[in-house]
Amino acid sequence: MNGMGTLRTKFRGVKKEMLERQTSMLIQSMTVDELYLEILYEILHNVGGCDVGCEVGQQAMLGYVQEAFKISNDKHTQLLTQAEAKEPPELMLNVEVVEGKDLVPKDPSGLSDPFVTIYLMSNTAHRYNTSVKSGTLNPTWEEHFSLPIPGNLQEDSLCLEVWDFDPAETVKEKMTKIFEVKGVKGLRKLMKEIAITASTGKHDNELIGTANIPLKSIPAGGMMMWLNLSKKSKLRRQGVLKARFSFSSEKNSQVAAQEHRHLLRILLLHELESSKVAPYWWCGNFSAAAEGILTQHAAQSGLSQLDNHLAQWSVFCAITTDHPLSFALFNGLLDKVTKALQSGLVNEEDVKLFWDGAKKLLPTCYSHIRKLRKKTAGDKTVMKTLREVLKILYKLSILDTPESIDLFPANLYGWLRDKDDGTKLTLHEVLNQAVIQGASDWFVHILDNNECKDKSEESRLQHLIRVIQLVRSDLQRAVEYFDRVFVEVMSYQYSRALYGVYEDKIASLVEPEVIQVCKSMKRLRYSEGSTNSVHLAGGLNGDTGLGAPEVGSEPLAMGTTLFELYLALQRFLTLGQGLNETDWNSYSISKFHSWFFGGVAQWLDIAAYKALTRIEKAVELDYLVPVDTNVKYSSSGVDTLAIFYQIKIFWQQLAWPDVEGCYTFVAKIVDDICRCCVFYSDRMANRVSSVGTVSTVYEERFEVTTDWCVAINNIDYVRQSLQPFVEELGMDDIIQKMCETRSPLEAQRCKETLQNVIANAIDTVKNKIVDLLEVMIKKMMPSITRFLIEGAELLHQDCSSMDRVMRYLEANLDTLYQHLNNENFSRTLDIVWEQLGEVLYELIQANLEKRRPPSFFSNLHECLKIMVRSFRQDNKDIYTSDTLKRVEYLLNLHGLETRELIHQYHLERWQDQQSITEPKMGLLTVRAQFIEDSLKLEIMNARNLMPTDSNGLCDSYVRAALLPEDAFANVEKPKTQTHSKNLFPLYDEMFLISLNHEQRRIPDGLIHLVIKDKDMFSVSNTFVGEAYLHFSEIPDTPAPISSLPQQHLPLSRPATIDGDAIKALESRQGDKQAREFLKKQRQKMPSKQFFSLG
């Protein structure tokens, strides 16, 4: 070049059409030296008076630009001299008159017709006027003006005058406005205007107010401000005026923008180098010197705010590739240019420039999203940065991308997959792929850094659990920290997208492994008698016995680890259900439970085995002492219940979703729990089986201890918990779901099956309690038997046998009462009386064979009554044992004298008579009454008697006797006349029998009525039938006997001799009275066969 003056010509004073042709050439040919000279020139001819450049000072700015451009001192001096020799720049002051407010009214109507006059004080002849706004005190103009600036900018000022426009009107025209006048003041103004017009004919405009602003107070970057309007003759403000001021030059816009971008790049690189700012931290704050230089260049180049922002966007996007800048910086720039881009105010070249910058920025944004896991989740800076990145993507996504721009070139986005239809990818679609790619990369990273240590199934399962936990942690971080930001800014479900990637990869990784492990698992087998006899199917000959230590190694550990994997997948699926409530069924992992179906049985076996093992240990460690003063069970009962609830927790954790599987598994759990109850009962019974035996020199006896009581209470405590436990397994819900998926009838059958299992288990355990109580009571019976025999033999000989048996019973029953719960104590009493009944029954049988006297049985009965009285409460029966009731009856019977037994036999015959509904041997009709101590008996007739003669008839008579015989020995036995050959005899005979006072009041007195057939040729008459009338059935009344109802007594004879009384008589073979009575009874029998007691 020939000189800097020639260079200056290129930028100043060239016509517009020539500039457009020269633009590209100038942009290409411009060197750093030329740009440096231009900047020196602008520093020397600083515009504006209150911006950063003025505060820094000219020398500081010159020194800074030399350092930034890296110019040597000699070269700097040379170029500075050239800049000083050049003429000052030709600048323009741009003024925009925006609006006015609260102007003082000048018209009679109370309003004004304002307009603004603008001029420089150095050139008052060159004035600029706005348009007139009629009838307003708050006008809006929004009009632009450009004023040439003279050389001495520091001393000049701008004047803005607001005038009220007064149109040329005649007096007549002004008079028409009288009706528009506002107030007295308005009327005075109108009169004044009319007077002036009439006298002089003038119509001058009236000044409202003036504002002055020195040019040096206007910063190089321009400003907008409100100006107060004043008037010399007025003290108060005349209104305010809003105006915008800026400087500009006539430089070519494209050249100026290119210069500014070049300058911006040089200064920014220098700032970054000198400040050593961390990546992503620089947010657009230049040093004061740099800020002043950039402001001066923008002002003197005539760049608009939009031009400046576009230049910054282009330069910052290019630099951030190598020197990452703050994302907030780009967000701020986007806010400033988006509106202009959307409204089409940006030319095509600048649009291309903008998108070229975006193309350079986007890889950094998407890389940040892909590598989000390398940031600290929850950190405020990280979250703020993410929000800024997403805002950039959102703001770019709402702009229309030119067709010629390829935002995502393959060389920068190797991980992107093109769309199937060949259309361009949108920013949202690339965001989705970036998230997916980041998740895939992280999954690979997890696998690479968490390799399986060995190839055993256990290690492989642990590896899968670890992988799922790490993936779930990443998802939880996404949900907790990142998801909200993605949704708020981009309306993008970040966590859901991550989950879709992870669940598919986890399903592909875990499913084949789990299925293989479930197939290869060995089933756990164990006998219910002992947990030590455990077997695994598939061993040697199909039955490999393992002791307790070996069982815990392979199958138990494997099953436990597999269950941990199940729970990990379950939690992972639950997370997915929360992220995608409507469509989670489409996930590959949604049916993960089906992979484990083969392993559930193993888990249940392990749970049952562990339960049995822990129960056995709990019983072993149990001291059989109540855990609390308020309860009567010990530690093993509590432990067993806790063990059951661990199984319930396992079932709740399993949360099997398939109703068919649910029923199958819960049925097995119920069965296992029932077996555990029975197992506990057996173990507890074994624990106390040898407890309580006391040996002395004289005897060996059993004493009830608290151990027995606590053991019984423990079993009952576990039994009572069985039903509530099963209900907590969710049985009703399962049955309800089965009703929905299958038929209600089938669901009901399943429910009944489970209820039967539970009921059977409860009954079994209850029987175990009863068995244990029976064992305990049986251990007491030898001592009780010995005491009873001694008491029966020596009851009335001052013997202490009964005292000893009572003390023994009371001591043991008191222990039971103190330590058993009420229900079990009641059961114990029932068993005591039942066992006592059996013992007494055996004693009766044994002593009948020994032909013991009645006194023995009477004493034994007395012993029993003493025991019963001792345990009777509130006059209630203390036992319900049928055996004991029977024994008490037999003891009472065998303790009677022979005469008493005979009368007892007659009473039994009378009782049998009450049950006859169809008399086959005929009826005897009588009437009877007591009149004081006399008995009146009327024998009326008989019907349907049994024929006894060969002619088919009967010669019958009736004999009456009072029983018992010994009590009525002195009383006659009346007899009727014989009625021959008649089966329906009509006796009609009345008898009056005198009794003494004691005989009348015998409680069980009987009238024995016997009908016989009189035989002329036989030694004795033939027995026809007999009937009884109890004293309680005979009314005591003086009324005529004819007024009393007839009593129809069925006739009968002893068909078989099997009554208790007759058997007791037969046992007395040495008693003559008994033998004779039995002989008489045999004669009444239809056959001569007689059954013995044996």
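Source: prediction; values computed, not measured. (Residues numbered from 1 in each chain as written. Predicted model: local features only at pLDDT ≥ 70, side-chain atom pairs only at ≥ 80, totals over all residues. Heavy atoms only, no water.)

What about the sheet that holds strand E17 (residues 986-994)?
Reasoning step 1: Here we have four strands laid out as an open sheet, ordered E17-E15-E14-E20, and antiparallel in their pairing. The strands lining the two open edges of the sheet, one partner per strand, are E17 and strand E20 (1047-1050). For this sheet, the mean inter-axis angle between neighbouring strands, taken without regard to orientation, is 25°.
Reasoning step 2: The pairing of strand E14 (residues 923-931) with strand E15 (residues 934-943) spans nine bridges and is antiparallel. The residue of E15 that forms the bridge with Leu 923 is Arg 943. (Pairing = 2+ DSSP bridges. Helix = DSSP H or I, 4+ residues; strand = E, 2+ residues; numbered from the N terminus. Axes fitted to C-alpha atoms, helices over the stretch in contact; angles between N-to-C directions.)

What about helix H30 (residues 898-914)?
For an α-helix, the turn length of 3.6 residues means that residues three or four places apart are oriented alike.
Reasoning step 1: Here H30 spans 25 Å end to end across 17 residues, near enough to the 24 Å set by a 1.5 Å rise per residue.
Reasoning step 2: Looking at H30, one finds that the buried residues are Thr 898, Leu 901, Ile 902, His 903, Tyr 905, His 906, Leu 907, Glu 908, Arg 909, Trp 910 and Gln 913. (Expected span 1.5 Å × (residues − 1). Buried < 20%, exposed > 50% of the residue type's maximum accessible area, 1.4 Å probe, protein only.)

Quick word on unusual backbone geometry
Reasoning step 1: Along the chain, Leu 963 connects to Pro 964 via a cis peptide bond; the corresponding omega equals 5°.
Reasoning step 2: By the element assignment, Pro 964 lies in the loop between strand E16 (956-963) and E17.
Reasoning step 3: Its identity is not glycine, yet Lys 276 carries a phi of approximately 55°, on the positive side.
Reasoning step 4: Within the secondary structure, Lys 276 sits in the loop between helix H9 (253-275) and helix H10 (288-300).
Reasoning step 5: A positive phi angle is found at Asn 944, which is not glycine, with a value near 55°.
Reasoning step 6: Of note, Asn 944 is situated in the loop between E15 and E16.

Topic: the state of the cysteines
Reasoning step 1: Enumeration over the complete set of coordinates arrives at zero disulfides.
Reasoning step 2: Considering cysteine sulfurs only, Cys 365 is the nearest to Cys 317, which forms no disulfide, with 8.5 Å between them. (Disulfide = S-S within 2.5 Å.)

Notes on the pairing of E15
Reasoning step 1: Here E15 lies mainly inside the structure; seven of its 10 residues are buried.
Reasoning step 2: Between E14 and E15, which pair antiparallel one after the other, the connecting turn spans two residues, and Glu 932 there sits at a positive phi close to 55°.
Reasoning step 3: Note: E15 against E17, seven bridges, orientation antiparallel. Paired with Ser 934 across the two strands is Ser 994, which belongs to E17.

A closer look at the environment of Leu 412
Reasoning step 1: You can see Leu 412 is positioned in the loop between helix H14 (380-397) and helix H15 (427-449).
Reasoning step 2: Accessibility expressed as a relative area gives 44% for Leu 412, which makes it partly exposed.
Reasoning step 3: Along the chain, Leu 412 and Leu 362 lie 50 residues apart, while their C-alpha atoms are 9.9 Å from each other.

Some words on the confidence of the model for the protein
Reasoning step 1: On average, residues of the protein score 81 in pLDDT, and 85% of them reach the 70 mark or higher.
Reasoning step 2: E14 holds the highest mean pLDDT among the elements of the protein, 95, whereas strand E11 (residues 544-546) holds the lowest, 29.
Reasoning step 3: In the model, residues 530-553 has pLDDT below 50 throughout and makes 48 contacts with residues more than four positions away in sequence or in other chains.
Reasoning step 4: Overall, residues 1088-1094 carries pLDDT values under 50, and its contacts beyond four positions in sequence, including any with other chains, amount to 12 contacts. (pLDDT = per-residue confidence, 0-100. Contact = heavy atoms within 4.5 Å.)

A look at the pattern of salt bridges
Reasoning step 1: Here the structure, examined in full by the defined rule, presents 31 salt bridges.
Reasoning step 2: Here Lys 668 and Asp 605 are joined by a salt bridge, their closest N and O atoms 3.0 Å apart. Of this pair, Lys 668 sits in helix H22 (residues 659-688) while Asp 605 sits in helix H20 (residues 597-621), and the two are 63 residues apart along the sequence.
Reasoning step 3: Exposure remark for Lys 668: the relative accessible area of 23% places this residue in the partly exposed category.
Reasoning step 4: Relative accessible area serves as the criterion here: at 5%, Asp 605 is assigned to the buried category.
Reasoning step 5: A salt bridge links Asp 933 to Arg 1001; the shortest N-O distance between them is 3.5 Å. On the criterion of sequence distance, the pair formed by Asp 933 in the loop between E14 and E15 and Arg 1001 in the loop between helix H31 (997-1000) and strand E18 (1006-1013) is long-range, its members being 68 residues apart.
Reasoning step 6: In this structure Asp 933 comes out as partly exposed when scored by relative accessible area, which is 25%.
Reasoning step 7: What emerges from the salt-bridge pattern is a single network uniting Asp 605, Lys 668, Asp 671, Asp 672 and Arg 675. (Salt bridge = Lys/Arg side-chain N within 4 Å of Asp/Glu carboxyl O.)

Some details on the sheet that holds strand E2 (residues 114-120)
Reasoning step 1: Spatial strand order, E3-E2-E5-E6: four strands in an open sheet with antiparallel pairing. Unpaired on one side and paired on the other, strand E3 (123-129) and strand E6 (206-214) mark the two borders of the sheet. The mean angle between the axes of side-by-side strands here comes to 25°, regardless of whether they run parallel or antiparallel.
Reasoning step 2: The sheet contact formed by strand E5 (residues 157-164) and E6 spans eight bridges and is antiparallel. What sits directly across from Glu 161, in E6, is Thr 210.

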